[in-house]
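# Reading the structure
Okay, here's what each chain looks like letter by letter:
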Amino acid sequence: MIVADIDLNLISALGDRYRSEPQKVRVLSEAWTEKNAFCCSCGGSLIREQNNARVLDFTCTKCEYEFELKSTRGNFATKIPDGAFDAMISRLSDASSPNFLFLGYDSVSYRVTNFFAIPNYFLDPTVIEKRKPLSPSARRAGWVGCNIIMSRIPEAGKVFYVRNSEIIDRSAVIETWRRTTFLQYETNLEARGWTLEILRIIQSLNVQEFTLKKMYDFEIQLKMRFPRNNFIRAKIRQQLQVLRDANLIVFEGRGHYAINFGHSVSIEPT
Ligand SMILES: [Zn+2]
């Protein structure tokens, strides 16, 4: 157990010379991440990218996975603004696109309250919302950005290092990440979307156990999401097997299943 690795305190003095709040938040959170975080895929160290590619903040020195850091005071809003919409959509089917790190901190104590990673493959087009084009008077008139809809990201895809101020054991962080890496190899967005959608449905049940019959209740909803599929029930069963093979759910027999992803508790409001 290497719990002592993470120090929740941000070094607030680092932000003193910045007048702009977003810039200050960025500087504090980048410094914290570089010092405290590690690659959740292999445990390697993260180094800050010095180039000016804004979207790419950290690279693992061992496995070269890339991470984009997003930070906020307090809790994350339901929608997080990100870069250009078109670029984000094309990123979704690119397995080598950066993963995400989210850092939330308390603005009074300057302590990190939540820090978690989300693998790039936990995003599908339904997570990305197109923003209105910038007005003709804006400097980048017509530019179209996007929002990440946080509630559309299944909990199983949130790999917490710090949750509600509690530091998660390093090995548990890496294990949580590994459990969903099977999705990484699924670059077909519809196929991946199926797994994500089934995870969202299971999560929406808000229970620890559920039945196949209950899942069939979502047949119409799934048909609307995947109109080209004519075998929705068979697909539900197949996806439950995928989740079982990943140890995210457990078959209990006779159409009964138990949820095996522990993090179904929501982030406490601050
Ligand atoms: Zn790594």
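Residues numbered from 1 in each chain as written. Predicted model: local features only at pLDDT ≥ 70, side-chain atom pairs only at ≥ 80, totals over all residues.

Here the focus is the nonpolar core. In terms of nonpolar packing, the biggest core is built from 53 residues, with Phe-67, Leu-101, Leu-103, Phe-116 and Ala-117 touching the most fellow members. Beyond its immediate chain neighbours, meaning those up to four positions away, Ala-117 contacts Cys-40, Phe-67, Asn-99, Phe-100, Leu-101, Val-159 and Trp-177. (Core = buried A, V, L, I, M, F, W, Y, C linked by C-beta atoms within 7 Å. Buried ≥ 20, exposed ≤ 12 C-beta atoms within 10 Å, placed from the backbone. Contact = placed C-beta atoms within 7 Å.)

Mapped onto the elements of the fold, Val-27 is located in helix α1 (residues 21-36). Given 17 C-beta atoms within a 10 Å radius, Val-27 is considered partly exposed. Separated by 12 residues in the primary sequence, Val-27 and Gly-15 place their C-alpha atoms 6.4 Å from one another. Beyond its immediate stretch of four places on either side in the chain, Val-27 contacts Leu-14, Gly-15 and Tyr-18. (Helix = DSSP H or I, 4+ residues; strand = E, 2+ residues; numbered from the N terminus.)

This brings us to the sheet that holds strand β7 (residues 128-130). Ordered by their spatial adjacency, 3 strands build an open sheet running β4-β8-β7, and the pairing between neighbours is antiparallel. The open sheet terminates on both sides in strands that have one partner only, identified here as β4 (79-84) and β7. Recorded for the sheet is a direction-independent mean angle of 35° between the axes of neighbouring strands. Of the pairings in the sheet, the one linking β7 to strand β8 (residues 145-149) comprises 3 bridges and is antiparallel in character. Pairing of Glu-129 across the sheet is with Asn-147, part of β8. (Pairing = 2+ DSSP bridges. Axes fitted to C-alpha atoms, helices over the stretch in contact; angles between N-to-C directions.)

In this section: the sheet that holds strand β11 (residues 209-211). The strand order across the open sheet formed by 3 strands is β11-β13-β12, and the pairing between neighbours is antiparallel. Lying at the two open borders of the sheet, with one neighbouring strand each, are β11 and β12 (249-253). Strand after strand, the sheet turns through a mean of 30° between neighbouring axes, direction not considered.

Another point: unusual backbone geometry. Among all residues save glycine, negative phi is the norm, and among peptide bonds the norm is trans. Phi is positive for Tyr-110, close to 55°, though the residue is something other than glycine. Within the element layout of this structure, Tyr-110 appears in the loop between β5 (99-106) and β6 (111-118). Not every positive phi belongs to a glycine, and Ser-165 is a case in point at roughly 70°. Inspection of the secondary structure assignment puts Ser-165 in the loop between β9 (159-163) and β10 (166-167).

Turning next to the confidence of the model for the protein. This prediction gives the protein a mean pLDDT of 90; 93% of its residues lie at or above 70. Per-element averaging of pLDDT across the protein places α1 at the bottom with 90 and helix α5 (residues 212-216) at the top with 98. (pLDDT = per-residue confidence, 0-100.)

Okay, the domain arrangement of the protein next. Segmentation of the protein into domains returns domain 1 (3-185) and domain 2 (189-259). A C-alpha centroid distance of 28 Å is found between domain 1 and domain 2. Across the boundary between the two partners, domain 1 contributes 13 residues, which contact 11 residues of domain 2. Among the residues forming the side of domain 1 that touches domain 2, the class breakdown is 8 nonpolar, 2 polar and 3 charged. (Domains from an automatic or database assignment. Nonpolar A, V, L, I, M, F, W, Y, C, P; charged D, E, K, R; others polar.)

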